[in-house]
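# Commentary on secondary and tertiary structure
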Amino acid sequence: MSISFTLDGREVEARAGETIWQVARREGVEIPHLCYSPAPGYRADGNCRACMVEVEGERVLAPSCLRRPSPGMKVATDSARSKAARAMVMELLLADQPPREAAHDPDSKFWRWADKLGVTESRFPARHAPAPDVSHPAMAVQLDACIHCGLCVRACREVQVNDVIGMGRRGHHAKIVFDLDDPMGHSTCVACGECVQACPTGALMPSSVLDKEGRKSREPDRSVDSLCPYCGVGCQLTYQIEGNKILQVDGRDGPANHNRLCVKGRFGFDYVAHPQRLTRPLIRKPDVPKDADDFVDPSDPSTHFREATWDEALDVAAAGLRTIRDTFGGRALAGFGSAKGSNEEAYLFQKLVRTGFGGNNVDHCTRLCHASSVAALIETIGSGAVTAPFSECVHSDVIVVIGANPTVNHPVAATFIKGAARRGAKLVVIDPRGQGLSRHATHHLRFKPGSDVALLNALIHVIIEEGLYDRAYVDRFTSGFEELRARTFAFSPEKMAPVCGVDASTLREVARLYGRARSALIFWGMGISQHVHGTDNARCLIALALLCGQVGRPGSGLHPLRGQNNVQGASDAGLIPMFLPDYHRTNDPAAHADFEKYWGVNLDPEPGLTVVEIMAAILRGSIRGMYIMGENPAMSDPDARHAREALAKLDHLVVQEIFLTETARHADVILPSTAFPEKTGTFTNTDRRVQIGRAALQPPGDARQDWWIVRDLARRLGLGWNYEHPSEIYEELRGCMPSIRGISWGRLEREGAVTYPCPSESDPGHELIFAEGFPTPTGRGKLVPAEVSPPDELPDDAYPMVLTTGRLLEHWHTGSMTRRATVLDRIEPEAAVHVAPADLRRLGANPGDRLRVSTRRGSIELAARSDRDVPPGLIFIPFCFAEAAANLLTNPALDPFGKIPEFKFCAAKVEATGAG
Amino acid sequence: MPAFEPVLTRNFAVPDSQTLRAYESRGGYQASRKAITEMDPDKVVQIVKDSELRGRGGAGFPCGLKWSFLPKDRQETFMCVNGDESEPATFNNRLLIERDPHQFIEGILISCFATKAATAYVYLRFEYIHAFRIMERAIAEAREAGHLGKNIYGSGFDLEIYCHRGAGAYICGEETGLIESLEGKRGWPRIKPPFPAIEGAFRKPTVVNNVETLACVPHIIERGADWFKSIGTPKSYGPKLYCVSGHVNKQVCVELPLGVTTRELIEDHAGGVWKGRKVKATVPGGISMGVMSADEMDVKLDFEDIKKTGCLGLGTAAVTVMDDQTSMVDYLYNTSRFFAHESCGQCTPCREGTGWMYKIFKRIKAGGGRLEDLDVLTMMANNMGLTPGTTICGLADGAAWPVKNVLAKFRPELEEYIKKNQSSKPLVTPLQKAIAAGTVAEPVALGGRVYPAPQPALRSPGGS
Ligand SMILES: Cc1cc2nc3c(=O)[nH]c(=O)nc-3n(C[C@H](O)[C@H](O)[C@H](O)COP(=O)(O)O)c2cc1C
Ligand code: SF4
Ligand code: SF4
Ligand code: SF4
Ligand code: FES
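Predicted, not measured: the structure shown is a model, and the values here were computed from it. (Residues numbered from 1 in each chain as written. Chains lettered and ligands numbered in written order. Predicted model: local features only at pLDDT ≥ 70, side-chain atom pairs only at ≥ 80, totals over all residues. Heavy atoms only, no water.)

Once that is clear, we can look at helix 15 (residues 481-488) of chain A. All names here are of chain A. Turning to helix 15, its buried residues number three or more, namely Phe481, Leu484 and Thr488. Down the axis of helix 15, the smallest arc covering the buried residues is 65 degrees, so these residues share one side. Pointing more than 90 degrees away from the buried face of helix 15 are the exposed residues Glu482 and Ala486. If you follow the buried residues of helix 15, they end up packed against helix 13 (452-465), helix 14 (471-477), strand 20 (478-479) and helix 19 (534-547). (Buried < 20%, exposed > 50% of the residue type's maximum accessible area, 1.4 Å probe, protein only. Helix = DSSP H or I, 4+ residues; strand = E, 2+ residues; numbered from the N terminus. Arc of directions from axis to C-beta. Contact = heavy atoms within 4.5 Å.)

All names here are of chain B. Neighbouring ligand 1 are 18 residues; Gly57, Asn82, Asn209, Asn210 and Thr213 lie closest to it. The contact in question runs from an oxygen atom of ligand 1 to an N or O atom on the backbone of Glu85, over 3.1 Å. The backbone of Gly173 places a nitrogen or oxygen atom 3.3 Å from a nitrogen atom of ligand 1. Compared with its free state, where it exposes 600 Å², ligand 1 has 89% of that area covered by protein. The element best represented in the shell around ligand 1 is strand 5 (residues 206-210), accounting for three residues. (Near = heavy atom within 4 Å. Polar contact = N/O pair within 3.5 Å; in protein donor to acceptor, adjacent residues only side chain to side chain. Areas by Shrake-Rupley, 256 points an atom, 1.4 Å probe, with all protein chains shown as cover.)

Residues and elements named next belong to chain B. With domains assigned, chain B is organised as domain 1 (20-230), domain 2 (239-323) and domain 3 (328-420). With 13 residues of domain 1 at the contact, the number on the domain 3 side is eight residues. Of the roughly 860 Å² buried where domain 1 meets domain 3, counting both sides, 72% is carbon and sulfur surface. Counting the surface domain 1 buries against domain 3, the share from its top three residues, Tyr170, Ile171 and Trp188, is 54%. One can count zero salt bridges joining domain 1 with domain 3. Connecting domain 1 to domain 3 are three residue pairs in polar contact (both at pLDDT 80 or more). (Domains from an automatic or database assignment. Buried area = accessible area lost by both parts, 1.4 Å probe. Salt bridge = Lys/Arg side-chain N within 4 Å of Asp/Glu carboxyl O.)

Moving on: the sheet that holds strand 14 (residues 305-307) of chain A. Residue and element names in this part refer to chain A. Pairing in this open sheet of seven strands is mixed, and the strands run 14-13-27-26-25-15-16 from one edge to the other. With one partner strand each, in any of the chains shown, strand 14 and strand 16 (362-363) form the two edges of the open sheet. In terms of strand pairing, strand 25 (residues 625-629) meets strand 26 (residues 652-657) through five bridges, oriented parallel. Opposite Met626, over in strand 26, you have Leu653 as the bridge partner. Lying on the sheet, helix 25 (residues 706-716) is in contact with strand 25, strand 26 and strand 27 (669-672); it crosses strand 25 at an angle near 160 degrees. (Pairing = 2+ DSSP bridges. Axes fitted to C-alpha atoms, helices over the stretch in contact; angles between N-to-C directions.)

So, about the site of ligand 2. Lining the immediate environment of ligand 2, one finds Met139(A), Cys156(A), Asn162(A), Ile165(A), Phe178(A), Met184(A), Cys189(A), Val190(A), Ala191(A), Cys192(A), Gly193(A) and Cys195(A). Residue composition of the shell around ligand 2, by class: ten nonpolar, two polar and no charged. (Nonpolar A, V, L, I, M, F, W, Y, C, P; charged D, E, K, R; others polar.)

Note: predicted coordinates in regions of low pLDDT should not be interpreted at a detailed level. Residue and element names in this part refer to chain B. Overall, the prediction assigns chain B a mean pLDDT of 91, with 91% of residues at 70 or greater. Throughout residues 441-464 the model reports pLDDT below 50, and contacts reaching past four residues in sequence, or to other chains, amount to 39 contacts. Model confidence for the complex is summarised by a pTM of 0.91, with the ipTM given as 0.86. (pLDDT = per-residue confidence, 0-100.)

Turning our eyes to something else, we now look at the packing of helix 7 (residues 310-328) of chain A against helix 25 of chain A. Residue and element names in this part refer to chain A. For the pair helix 7 and helix 25, the least separation of the axes is 9 Å and the interaxial angle reads 55 degrees. The pairing of helix 7 with helix 25 is recorded here as oblique in orientation. Handedness of the helix 7/helix 25 crossing: right-handed. Residues Trp310, Asp311, Leu314, Asp315, Ala317, Ala318, Leu321 and Arg322 of helix 7 touch helix 25, and the partners they reach there are Trp708, Ile709, Asp712, Leu713 and Arg716. (Parallel < 35°, antiparallel > 145°, perpendicular 65-115°, else oblique. Left-handed = near helix turned anticlockwise from the far one by under 90°.)

The next point concerns the packing of helix 12 (residues 328-342) of chain B against helix 15 (residues 395-420) of chain B. Geometrically, a packed helix pair is captured by the angle between its two axes and the distance between the axes. Residues and elements named next belong to chain B. Relative orientation of the contacting elements helix 12 and helix 15 amounts to 160 degrees, with a least axis distance of 9 Å. As far as their axial angle goes, helix 15 and helix 12 are roughly antiparallel. Seen from above, helix 12 lies across helix 15 with left-handed handedness. Within the contact between the two elements, helix 12 uses Met328, Val329, Tyr331, Leu332, Thr335, Phe339 and Glu342 and helix 15 uses Leu395, Gly398, Ala399, Pro402, Val403, Val406, Phe410, Glu413, Leu414 and Tyr417. Of the residues contributing to the contact of helix 12 with helix 15, the split by class is 13 nonpolar, two polar and two charged.

The next subject is the interface of chain B and chain A. Contacts between chain B and chain A engage 41 residues on the former and 48 residues on the latter. Of the roughly 3,500 Å² buried between chain B and chain A, counting both surfaces, carbon and sulfur atoms make up 59%. Scanning the region where chain B abuts chain A turns up one salt bridge. Across the pair Arg170(A) and Glu342(B) runs a salt bridge whose closest N-O atoms are separated by 3.1 Å. At the junction of chain B with chain A, the criterion picks out 15 residue pairs in polar contact (both at pLDDT 80 or more). With nine residues, the single largest contributor to the side of chain B that touches chain A is helix 13 (residues 348-366) of chain B.

A cluster of nonpolar side chains, namely Phe61(B), Leu65(B) and Phe69(B), defines an oily patch on the protein surface of about 250 Å² accessible area. You can see Phe61(B) is positioned in the loop between helix 3 (41-51) and helix 4 (63-68). (Patch = residues over 30% accessible without salt bridge, like charges linked within 9 Å, V, L, I, M, F, W, Y side chains within 5 Å.)

Residue and element names in this part refer to chain A. Strand order in the open sheet formed by five strands is 2-1-5-3-4, and the pairing between neighbours is mixed. Of all strands in the sheet, those bounded by a partner on one side alone are strand 2 (10-14) and strand 4 (62-63). Pairing geometry for strand 1 (residues 3-7) and strand 5 (residues 74-76), over two bridges, is parallel. Residue pairing for strand 5: Leu7 is matched across the bridge by Val75. Its contacts with the sheet place helix 2 (residues 80-96) against strand 3 (52-55) and strand 5, and it is angled at close to 160 degrees to strand 3.

Applying the stated rule across the entire model yields 29 aromatic pairs over all chains. With a centroid separation of 5.6 Å and 70 degrees between ring planes, the pair formed by Phe579(A) and Tyr583(A) is classed as edge-to-face. Each member of the aromatic cluster is reached from another via a ring pair, and the members are Tyr347(A), Phe595(A), Tyr598(A) and Trp599(A). One Lys or Arg, Arg223(B), reaches over the ring of Trp227(B) and ends 5.2 Å from the middle of that ring. One residue, Lys404(B), lies across the ring of Trp401(B), its end atom 3.7 Å from the ring centre. (Phe/Tyr/Trp six-rings, centres within 6.5 Å; stacked < 30°, edge-to-face > 60°. Lys NZ or Arg CZ within 6 Å of the ring centre and 35° of its normal.)

Residue and element names in this part refer to chain B. Its place among the elements puts Ser51 in helix 3. A polar atom in the side chain of Ser51 sits 2.7 Å from the backbone oxygen of Val48. Among all residues touching Ser51, those that are not within four sequence positions of it are Ile220, Ala225, Phe228, Lys229 and Tyr237.

Our next topic: helix 10 (residues 371-381) of chain A. Turn by turn, an α-helix covers 3.6 residues, leaving residues three or four places apart pointing in a common direction. Residues and elements named next belong to chain A. By the criterion of burial, helix 10 is predominantly enclosed, with nine of the eleven residues buried. Residues of helix 10 that are buried: Ala371, Ser372, Ser373, Val374, Ala376, Leu377, Ile378, Thr380 and Ile381. Backbone geometry just after helix 10 places Gly382 at a positive phi near 75 degrees.

All names here are of chain A. The residue Leu840 is located in helix 29 (residues 837-842) in this model. For Leu840, a relative accessible area of 3% gives the class buried. Placed 674 residues apart in sequence, Leu840 and Gly166 show a C-alpha to C-alpha distance of 34 Å.

This is how it looks when you write it as structure tokens:
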């Protein structure tokens, strides 16, 4: 479909869809451009007129950034007329600029083009320069440099779909505005920084590189391509570094993020340089007893700990573990690895527990997020991962988002969902709380918390009874249809409406929408999984997709949005008690034999205990020692007081961390490790993409690489490990994980990201899977009916409200990193409970007043926030604030299959404390 | 030449001319009936093509030709009627709508039939609330009588007309700005190609025509293309409503054959220049067309001849007369203020160019002009607009032309003014004001940081 035309007298080819500018660039002809950005997702707008070219036979000049050549067209990029027009544009724009000496960014794209075109002076008077706006903690707005190219508007509205920036006023008074011309820091800006990355002039810049005068005063001396350390989206980014300090973070064109980032990835990086970083190994002082309610100041651990050398610390750490193992057996030890660590670290850690401790008590926070989803997925379709990447939603007719709040927790994935909705996909949001996606949704079902199964069964009922399911698909690829039909027969929307609080006609409408969609994708999050009926919730969603054949085709699939950056990879690598690497059951005789051979040791076939079970086992006295790498159960476990009691009761606790977390307070030995930007390793995102992160900084003080620490501890437990580089560990993992066989370390270094399953080096990797059946013994997906079961703890007179927990956009998980990131903590500095305005009035409290929230397990005090997205009767508390830890309140009741606690529902009571 | 018989305005004086009854009693809706029941759409297009009717909205583009650009295989077509009429001194569309709405509706009806459009939007200038009400009433009446709605005259042809009011922006008269505004967006002209005929309102093939253009169509159908071509001058056929305003005794809108002269308009129809003064300059067709000097009063006001004067075109044929006591500095100050205010701000040459022109004229007027300003202005005027090919729409041409024409025709007066009017007081800066008021000079409040002082003027006034 290519055509040929003449460019500056030369015959050239244009590929389908290419603009003149793009062809010219390919041909090595430079055309100035200001309002156009070749970055993905940016529509050419043709407004700056810096790229004008002359087309023979046409009266007016054409913007080359926008114009597509037609066959035989004769284009001159260097005609006198086009050159004069372009030079005049630069001169006009230059007039308004602060002089070069005072430029905010003297190397901006604008100045580079001015230099190239030799335009240094302007004969025109300057316009009134708007005052700088430094209201935002992370970005400076200095519109005296603005050239009105509108790239920031496209960045905010079309790329990130945040709809904050607009072009206000008209003509010569045109001005970039945030919301209704509010200061940026007071606007609804979510600080994704996309506009800053797009601005070609320095009018929008990260404050981190500016001096007091608003001029760029700091330059990176090198840059390192790596990944974002936070969520499961897996954004690729570039660290701009000065000395050993990150100055700025830019989004990179990774397959998951296309240059986009969110506030955490872009501005949440200075935690690595926080003064509270652990830099020397610490050993508990002999005279300091452990206490569940103990507090250790992370800035001064000397009250409880003394510094030690690595040799001493590792010896003490190993001795304790060894003693317990040799006295009580391997099952008396347990380890928590981390979904924040790399695949190599996860693999090594579980190998240490299985081969060095001699049991299977190894788990990590996946237990707390998607264990139930994975349980349901493995049970029904034989695989715990997503069937399609989230970006596939751009091809969907219908997108269902249930129990997830992607604009907060997976912000970059949300940009794809919002973009798809804007282009016409029907978006159905199912969540009791309002959220960022509601505005883009065609339907938002705000059902009664905890009634998920009733609602989903009603949808299944309609799809079956109205014959909307895909008969051929059901016949060919599923089993259990008749039973599902019989078991959901009683769940008519009319009967379920009062149970779930959504009227029957809406339930029918949504069921029909999904049932009739050509392609439909379901996203879910912890609102589905963190319930005692979490596995049942997920079964219903899988049944919906299987009934309608919405798996394995473009735009269709099942996508549990994974939370941590490497929760997929850590699970794959076997950091879970019942599975060896690649999801082989510990008690599967064949796998057991294979791994005994692969590792050359005897293995315990008995599945280990899960996170919450381990805590209970400690209190029972059957587990006596633990090794925790990068997890913070004292904050993240439900009923955290109980977890803290357990940690304090341990005879020996080794914690490997970057900060002295709430968990590390109870440690016997603390081993200082490396933060994300200090390590090289592979990470698997929510899409099953294996990506490589590269070390950008030197670790502080005597902090060591995590794999190095695990290795040296292992050596002291009698394992003859001699890994010298993460690549060796990765290759060992690859040797026992057929799905990544084609993804060698070298390939990752070259390509940056490959999606598994990928059986061979020449295979590009597979994003959409299960087009033709499932990896189950029968090849069919199982339809598993779910019964309605109530949440474990219902509100009553003493505790009349429902408490639900979750995250904030700015704070990651327990906050150990983000609370120490300056920008993030300035945007969200204070613990708050989100309350419906009506409830707040009923309590006689104003926003900002202190409230006491209590449950049967504990009570905390924090500020009130009035939040219209919260329905009356519900309260929401983010679990990131150590000073008011939400998990002191939550209910540890478990889902029977996934062993996941019910973080999303418990009975609570709220009182005003009177203090403002 | 036979005596000219007005057609477009022939009902204006009839009592109740806005009513369907009055219109039908004067032979109204016969042409539409004839076209819809006896002709096929292509035939109508052909007749309009043959008549060589040119658009009355400003650009003078041949109407039939524009219709024939619509893709043959289109599924859906929209008609947008341009009643934004924001060109200063232009008011013929308003009279056409207010005095004879049914003639206009009949024109829309035939044109929609010809272009196979089942929906027509009439985009009305915000201030035309009266015309809007009249149109709403007339549309209801016409629908009631079966001239609009489903299956008109039993032909199977359907048409609905909707009136849409603008929000007071000149740029929404530009055809693609109009479409964007109609779609509910900011009135920013689109970059062409694609032209509206291919991708217009709601991304569907669309025709944009002026009110007066469409008002001519029933008469062409009724009397034939040859009749139409018997009126006017070569390449400029048919009757035209000329508006005359400014320094005349009687401000009027008269229907005349295309090709009258300014002198005829002033002397025969507007009662001559007021206060017994002489003409200094005239604006031929809305201020965006430029300026004619008193020597050019015998040039024919049609689509072709007028270009000999260096003006942009006939525009809306709204003539504004300036008497010999008018200052051209004031004139340019006013026009440049208008365009700086009305530029949509989308493309650089226009957004920045109109702003600076205004600022420079403001300074000249205040007594701070420099002779070299005039060169910069000429350069700027020559480089902004569709004519040099640098902008997205023609507003910039409109802003440039008055400057270009005045500088070419009245430069000595401007030079004289600059030399004579050098204000002894330096212009007051915000900082000086702050100092005078005794307030603390806060650089931020004054709009930015303190930059090095600007270079002094290269030449002083009168010193060259
Ligand atoms: C800045 C600008 C303003 C315009 N305003 C009007 C207007 O108010 N009314 C109008 O009919 N045409 C206006 N036009 C011309 C239209 O773009 C378009 O050419 C016209 O509506 C086509 O109709 P016609 O072919 O029937 O003349 C304007 C053009 C420009 C560049
Ligand atoms: S930072 Fe993001 S949300 Fe904020 S204004 Fe820029 S693009 Fe919009
Ligand atoms: S702030 Fe930057 S990106 Fe936005 S319009 Fe101005 S120059 Fe363009
Ligand atoms: S020429 Fe002026 S009015 Fe037209 S698009 Fe450009 S800025 Fe807007
Ligand atoms: S880069 Fe093409 S018009 Fe701005």
